[in-house]
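# Remarks on the overall topology
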Amino acid sequence: MIDGPYYVLVLMGVVGTGLVAGVFCGFSTFVMRGLASLPAAQGVAAMNAVNRAALTPAFMLVFAGSAVVCAMIAVVTFVVWPDEGKAELLLGSVLYLFGSFGLTLVANVPRNEALARLEPGTAEAATYWPVYVREWTQWNHVRTLLSAVAAVVYVLALS
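So, here is what we can say about the structure in this document. (Residues numbered from 1 in each chain as written. Predicted model: local features only at pLDDT ≥ 70, side-chain atom pairs only at ≥ 80, totals over all residues. Heavy atoms only, no water.)

### Describing the environment of A40
- Along the chain, the position of A40 falls in helix α2 (residues 40-53).
- Sequence separation between A40 and V94 is 54 residues; the distance between their C-alpha atoms is 36 Å.
- Apart from the residues within four sequence positions on either side, A40 is in contact with P120, A126 and W129. (Helix = DSSP H or I, 4+ residues; strand = E, 2+ residues; numbered from the N terminus. Contact = heavy atoms within 4.5 Å.)

This is the structure in structure tokens:
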């Protein structure tokens, strides 16, 4: 059984990965649909504003902080190598670190940066906007699922 500070660390992993999954789920299920329904110039401007607002300390603490916690769980698991839950602890860490945090860096952030370089009212922005929404949302579905599965796998390690 996982206990003591290690239990608290894994519990922090459950909460962090679950919170991130919830944020991503909100984007996949209604935020992106709402933005996609706007005229391209308004959608581009709104999404750029959302992307800037996402860089607040509160969200970054949850998003990047969860990556730090997941990395710590993986390291501690390798050091302690518990009899119970080691596969779940390592899997949860990998799912979040690569499937959520890493995927954000290689799939969503480059699209955000490309969108930020466009002037909202231009033909180029109007052409890119539906492509952006489709691709960004597809990758966001994956991040949502993998973040949620990471949380579930961590819970399984605790049970």
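### Brief notes about the packing of helix α1 (residues 4-36) against helix α3 (residues 57-80)
- Interaxial distance between α1 and α3 falls to 9 Å at its minimum, and their mutual angle equals 140°. The angle between the axes of α1 and α3 places the two elements in the oblique class. Seen from above, α1 lies across α3 with left-handed handedness. Packed against α1, whose contacting residues are Y6, L9, V10, M12, G13, G16, T17, L19, V20, V23 and F24, the element α3 presents F59, V62, F63, S66, V69, C70, M72, I73, V76 and T77 at the interface. (Axes fitted to C-alpha atoms, helices over the stretch in contact; angles between N-to-C directions. Parallel < 35°, antiparallel > 145°, perpendicular 65-115°, else oblique. Left-handed = near helix turned anticlockwise from the far one by under 90°.)

### Some points on the state of the cysteines
- Summed over the entire model, instances satisfying the criterion amount to zero disulfides.
- Sulfur of C25: no disulfide; nearest cysteine sulfur belongs to C70 and is 18 Å away. (Disulfide = S-S within 2.5 Å.)

### Description of the packing of helix α4 (residues 86-116) against helix α5 (residues 123-158)
- Running from amino to carboxyl end, α4 crosses α5 at an angle of 165°, the nearest separation of the two axes being 8 Å. In terms of orientation, α4 and α5 fall into the roughly antiparallel class. Relative to α5, the crossing made by α4 is left-handed.

### A word on the nonpolar core
- Among the nonpolar cores identified, the biggest contains 20 residues, and I2, Y6, V10, I73, L89, Y96 and Y154 are the most heavily contacted of them.
- Among the elements that make up this core, the one with the highest residue count is α1 (six residues).
- With residues near it in sequence (within four places) discarded, Y6 still touches I73, V76, T77, P82 and L89.
- Counting residues in hydrophobic clusters, the runner-up holds 12 residues, among them V44, L115, L118 and W129. (Core = buried A, V, L, I, M, F, W, Y, C linked by side-chain atoms within 4.5 Å. Buried < 20%, exposed > 50% of the residue type's maximum accessible area, 1.4 Å probe, protein only.)

### Points about a nonpolar patch on the surface
- A cluster of nonpolar residues, Y7, V8, L11, M12, V15 and L19, forms a patch on the protein surface that exposes about 510 Å² of accessible area.
- Along the chain, V15 falls in helix α1. (Patch = residues over 30% accessible without salt bridge, like charges linked within 9 Å, V, L, I, M, F, W, Y side chains within 5 Å. Areas by Shrake-Rupley, 256 points an atom, 1.4 Å probe, with all protein chains shown as cover. Salt bridge = Lys/Arg side-chain N within 4 Å of Asp/Glu carboxyl O.)

### As for the pattern of salt bridges
- For the structure on display, the rule yields one salt bridge.
- Among the salt bridges present, the one from E135 reaches R111, with a minimum N-O distance of 3.1 Å. You can see E135 sitting in helix α5 and its partner R111 sitting in helix α4, a full 24 residues away along the chain.
- For R111, a relative accessible area of 18% gives the class buried.

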